[in-house]
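The lines below spell out each chain.
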2 protein chains.
Amino acid sequence: MKTGLKVIAPASVSNLACGFDTLGVAIDIPGDEIIGKWVDTPGVHITEITGRKKGITSDPAQNIAGITASALLKHLEEDGRGLELRIHKHIPGGSGLGSSASSATAAAVLVNEMLNRPLEKRDLIPFALEGEMIASGSRHGDNVVPALLGGLMLIRDIDTYDYHRIYTPRGLFMAILLPDISIATKTARGILRAEVPLSSMVRQAANLGSFVIAMHNGDLNLIRRSMEDLVIEPQRKHLIPHFDTIKETALTLGALSCSISGAGPAIFALCQEKLQATGIAAAMQKVYDDHKLDAKSYVGAINHEGTVLK
Amino acid sequence: MKTGLKVIAPASVSNLACGFDTLGVAIDIPGDEIIGKWVDTPGVHITEITGRKKGITSDPAQNIAGITASALLKHLEEDGRGLELRIHKHIPGGSGLGSSASSATAAAVLVNEMLNRPLEKRDLIPFALEGEMIASGSRHGDNVVPALLGGLMLIRDIDTYDYHRIYTPRGLFMAILLPDISIATKTARGILRAEVPLSSMVRQAANLGSFVIAMHNGDLNLIRRSMEDLVIEPQRKHLIPHFDTIKETALTLGALSCSISGAGPAIFALCQEKLQATGIAAAMQKVYDDHKLDAKSYVGAINHEGTVLK
């Protein structure tokens, strides 16, 4: 059995305008790292948290990585062991970039690797979900599944692990603006109306269907038309200062789509290629700079590896 | 210019459980026929209606085929001509099998053919929609588009003619039961609640997305799981006597899905192959026979031709 290993888990953008609680994609921006080591004292111990660690507890019974690691060790009947975790957060919590999911998938892959892979990667999903649920208050999988397995995923029904990879055209890139405010997923869910007009349901479903067709066919114009959000974005965008200006900026510069990443406040712009994404990220950043508001921007391709040993 | 031509338009099944107002597929069961002939008296004249003609007017200003033919002749600046139509209805009105759409596409293709195809087939959609709208009270295209062009279609936005073909695995067959009751589309729409729970929207959209993936991949089990209707079927099924028994019968015999065709009362069962569909159609028919209720059953493959000259 290995004694010290390092695992890295990517950030992810969920919802993607037309797939609330259903679509998620892993993104190649700096992800979360966890280093694990066997120790003599039984139980999971979090000895270090560095990076974007604001609001993240080192209590292993409360920390998402700790919860996930414990759940998996218990399942594998290895909970008599002592495991030390050192966590480096690149993805801040409450960002809308799947921070909780990354912590959970990193911990699950780490434990599995340290025990020489008793489980297939896909069998780790229940344990990562258990950890992530603590943070979001609900079980979706639209961050956990892409963060674990990479790529663009459609979650039909997470209770039965019924998820499906959607193949993406080459070259797609994300520009992301992360405003320096925090929105708890629980808060962002709480403001949503419990009911939706039937006509919006029809349109939203049609968009998700045509989004899948568009990705399969590499039809960028159809991707553009399909990625509209009639339901969630209008209810949440007021939580993010200058959202409309940022969206207009990105679309004017040719982004295929611009909407809220997950529960926000991160805003993503899906772009046709890296150069465009770089320009759009800079333009989105400038909107916040001009208003003297703090934000960080990122540019990243779709991550196809998911959570891996480094 | 040709003087006498015959056109045939297929029936179609819309909604398909997971795609209310969005999905439709053309089916090879006996379709509607229209024979057209130029005559001296200007205007459109309907001189004969035969077959399942109940409730269908021969007033060309009210008849769907008449309205469509007039609209297209006018657009092509040929409305000074005289056109005689003889209509044979195989698909009864108010059946849920796209009777109005078939009349409309048949008339549109007929006029276009009689004038030696001044328009592409897809350019006939606006005229067929204009005719069909009279019957349904709303513009959708989920019957008109497949009836005209054949195959399985996703309508993203009919106002911009944004529709997309979904490729289907080989061998799929439909079993259809048409109870001898009539449900006007306007009535079936009227009973629907104007709002749906957000959670149902999420599930319904995810199902439509996974339906597209399943059809692309030929994944029959995923087709089965995706074709569920949480929103429309529960609200409409009481309009159709013994719906639950028929559905249970079809699913027990292995149908991939069984739900209401369009606004009903027709019930479709999507099957893996012809023999299965034949058995399921007979079993569905037997439910009505046992209750001494009139119904007609059909079995048909997916029609890939659409509306054509015969």
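Not measured: the values here are computed from a predicted model.

### Focus: the sheet that holds strand E11 (residues 295–301) of chain A
Residue and element names in this part refer to chain A. Strand order across the open sheet formed by 4 strands is E9-E10-E7-E11, with antiparallel pairing between neighbours. Of all strands in the sheet, those bounded by a partner on one side alone are strand E9 (257–260) and E11. The mean inter-strand angle of the sheet, taken between neighbouring strand axes irrespective of direction, is 15 degrees. Bridge count for strand E7 (residues 173–179) against E11 is 7 bridges, and the pairing is antiparallel. In the strand pairing of E11, Leu 177 is matched with Ser 297.

### A word on the relation of the copies chain B and chain A
With an RMSD of 0.0 Å, the operation that places chain B on chain A is a rotation of 180 degrees combined with a shift of 0.0 Å along the axis. Here the transformation between the copies is reduced to the relation of a two-fold axis. Taken together, the interface assignments show that 100% of the residues at the interface of chain B recur at the interface of chain A, consistent with an identical surface on both copies.

### Observations regarding the sheet that holds strand E7 (residues 173–179) of chain B
Residue and element names in this part refer to chain B. Reading across the sheet, the 4 strands line up as E9-E10-E7-E11 and stay open at both edges, with antiparallel pairing between neighbours. The open sheet has two edge strands, strand E9 (257–260) and strand E11 (295–301), and neither has a second partner. Direction aside, the axes of adjacent strands within the sheet are offset by 15 degrees on average. In the packing of helix H10 (residues 274–290) onto the sheet, the strands contacted are E7, strand E10 (267–271) and E11, and the crossing angle to E7 comes to about 15 degrees.

### Describing the domain arrangement of chain A
Residue and element names in this part refer to chain A. Domain boundaries assigned for chain A yield domain 1 (4–167 + 305–309) and domain 2 (173–301). Once you take the C-alpha centre of each, domain 1 and domain 2 turn out to be 24 Å apart. The interface of domain 1 with domain 2 comprises 25 residues on the first partner and 36 residues on the second. Only strand E1 (4–15), strand E2 (19–39) and helix H3 (125–136) provide two or more residues apiece to the side of domain 1 that touches domain 2. When the residues that make up the side of domain 1 that touches domain 2 are grouped by side-chain class, the tally is 12 nonpolar, 12 polar and 1 charged.

Thresholds, definitions, all that
- The residue count restarts for each chain, going from 1 along the sequence in the order it is written.
- Labels are handed out in written order, letters beginning with A for the chains and numbers beginning with 1 for the ligands.
- Selection of residues for local features in this predicted model requires a pLDDT of at least 70, selection of side-chain atom pairs for listing and counting requires 80 or more, and totals for whole chains, interfaces and linings are taken over all residues.
- Note: two strands are recorded as paired if DSSP finds a minimum of 2 bridges between them.
- The secondary structure listing takes helices from DSSP runs of H or I that are at least 4 residues long and strands from runs of E that are at least 2 residues long, numbered from the N terminus.
- Simply put, an axis is a line fit to the C-alpha atoms, just over the touching stretch for a helix, and the angle between two N-to-C directions goes from 0 to 180 degrees.
- A residue counts toward the fit only if its pLDDT is at least 70 in both copies, and the copies are then superposed by least squares on the C-alpha atoms of those residues.
- With C-beta atoms placed from the backbone, a contact is any residue pair whose C-beta atoms sit within 7 Å.
- Domain ranges listed in this record stem from an automatic or a database domain assignment.
- Throughout, the ten residues Ala, Val, Leu, Ile, Met, Phe, Trp, Tyr, Cys and Pro are labelled nonpolar, Asp, Glu, Lys and Arg are labelled charged, and all others, Gly among them, are labelled polar.

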